[in-house]
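Residue-level structural notes
Below, each chain spelled out in residue letters.
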Amino acid sequence: MGRPREFDTQKALETAMSVFWDQGYEDASISELLTSMRITKGSFYKAFSDKHSLYLAALDLYAKNVIAPTAQTLSDPAGGPGQERILNLFRHVADAAANTGDRQGCFLCNAAVDRAAQDKDVEGRLSAMFARLENGIAAALRDMGTAEEEQMLRATARSLVALYLGFRVLGRAGRSTDYADDIITQVERILFMPPVAEPI
């Protein structure tokens, strides 16, 4: 019988996610990961195989703990009118920046810039997370009862995803507060603008 693991795998993975989130894949060295996770090299390789596998597991954790609940909140009519659910997504970012000076940004955004272009495994996971956000926003838009056809509704959802991700990147650069009012105003315009009249 093998010896039981002497560390909490979940907590170690959460710590690894924070290191990757803050430093990126390349700059997060194995030695720093081991120190932060408080595990030995042997335990690391036994539990996670290698750094790349650990990074993918960290992305999966982010998808489970952050992206899935966000998409669920956007999709849930119990959270209020669809437009309010979408606006609250953006207000949350603005409030975090104003109240705590949040510069952590978004692990999804960081990974997209850091690894997606050269790592198909990462790209696949990020694409799935983008899709979940898009589906959540699309569900909220449908609940608004607009007359948009599905193709236009999807275009609106994707535009809002892009605006949200850009907002999170600005947070990483310390500019969320500067841009917050203007971004939320633009979101309101998208959500409340009258439908375009059909040509006669």
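Scoring rules and cut-offs
Residues numbered from 1 in each chain as written. Predicted model: local features only at pLDDT ≥ 70, side-chain atom pairs only at ≥ 80, totals over all residues. Heavy atoms only, no water. Helix = DSSP H or I, 4+ residues; strand = E, 2+ residues; numbered from the N terminus. Contact = heavy atoms within 4.5 Å. Areas by Shrake-Rupley, 256 points an atom, 1.4 Å probe, with all protein chains shown as cover. Phe/Tyr/Trp six-rings, centres within 6.5 Å; stacked < 30°, edge-to-face > 60°. Buried < 20%, exposed > 50% of the residue type's maximum accessible area, 1.4 Å probe, protein only. Lys NZ or Arg CZ within 6 Å of the ring centre and 35° of its normal. Salt bridge = Lys/Arg side-chain N within 4 Å of Asp/Glu carboxyl O. Core = buried A, V, L, I, M, F, W, Y, C linked by side-chain atoms within 4.5 Å. Expected span 1.5 Å × (residues − 1). Polar contact = N/O pair within 3.5 Å; in protein donor to acceptor, adjacent residues only side chain to side chain.

The next thing to look at is the overall build of the chain. Within the chain, the secondary structure is distributed over nine helices and zero strands. Listing every helix and strand of the chain by position from the N terminus yields α-α-α-α-α-α-α-α-α. Along the first, second and third principal axes, the C-alpha set of the chain runs to 75 × 35 × 35 Å. Taking contacts inside the chain between residues at least 6 apart in sequence as the whole, the part at least 24 apart equals 67%. When the accessible surface of the chain is totalled, it reaches about 11300 Å², and 52% of it is carbon and sulfur.

The next point concerns the packing of aromatic side chains. Summed over the entire model, instances satisfying the criterion amount to 11 aromatic pairs. With a centroid separation of 6.1 Å and an interplanar angle of 50°, the aromatic rings of F44 and F48 are classed as tilted. Here F44 pairs with F48, and both are found in helix α3 (residues 41-48), just four residues apart, close to one helical turn. Note on accessibility: F44 and F48 belong to one class, buried. Ring-pair connections join several aromatic residues into one group, and the members of that group are F20, W21, Y25, Y55, Y62 and F107. When the ring centre of Y25 is taken as reference, the NZ or CZ atom of K51 above it lies at 4.5 Å.

The next point concerns the environment of A157. Here A157 shows up in helix α8 (residues 150-172). Sequence separation between A157 and D60 is 97 residues; the distance between their C-alpha atoms is 23 Å. Among all residues touching A157, those that are not within four sequence positions of it are E134, I137, A138 and L141.

Attention now moves to the pattern of salt bridges. Counted by the stated rule, this structure contains 11 salt bridges. Among the salt bridges present, the one from R115 reaches E26, with a minimum N-O distance of 3.1 Å. Placement of the pair is R115 in the loop between α6 (107-114) and α7 (120-143) and E26 in the loop between α1 (9-23) and α2 (30-37), with a sequence separation of 89 residues. The partner of E134 in a salt bridge is R158, with the nearest N and O atoms 3.2 Å apart. Separated by 24 residues along the polypeptide, E134 in helix α7 and R158 in helix α8 bring together distant segments of the chain. One continuous salt-bridge network, built from bridges that share partners, spans E134, R142, E150, R154 and R158.

Mapped onto the elements of the fold, G42 is located in helix α3. Residue class for G42 comes out exposed when judged on its relative accessible area of 51%. G42 sits 148 residues away from I190 along the chain, and the two C-alpha atoms are 53 Å apart.

All right, on to the nonpolar core then. In this structure, F20 and I86 are the most contacted members of the largest nonpolar core, which totals 58 residues. Top contributing element to this core by residue count: helix α4 (residues 51-75), with 10 residues. Non-local contacts of I86, meaning those with residues more than four positions away in its chain, are made with L74, I137, A140, L141, L160, V187 and L191.

Turning next to α7. Note on helix geometry: an α-helix contains 3.6 residues per turn, so any two residues three or four positions apart are oriented the same way. Look at α7: 35 Å from first C-alpha to last across 24 residues, which is about the 34 Å you get at 1.5 Å a residue. Buried within α7 are the following residues: V122, L126, M129, L133, E134, G136, I137, A138, A139, A140 and L141. Taken together, the buried residues of α7 touch α4, α5 (82-100), α6, α8 and α9 (176-192). The backbone nitrogen of D121 lies 3.0 Å from a side-chain oxygen of the residue at the head of α7, namely D119.

Inspection of the secondary structure assignment puts N110 in helix α6. A distance of 3.0 Å separates a polar side-chain atom of N110 from the backbone oxygen of W21. Among residues more than four places away in sequence, those in contact with N110 are W21, Q104 and R172.

Within the secondary structure, D76 sits in the loop between α4 and α5. In this structure D76 comes out as partly exposed when scored by relative accessible area, which is 31%. Along the primary structure D76 and Q118 are separated by 42 residues, whereas in three dimensions their C-alpha atoms are 35 Å apart. Polar contacts involving the side chain of D76 include one to the main-chain amide nitrogen of A78, which spans 3.0 Å.

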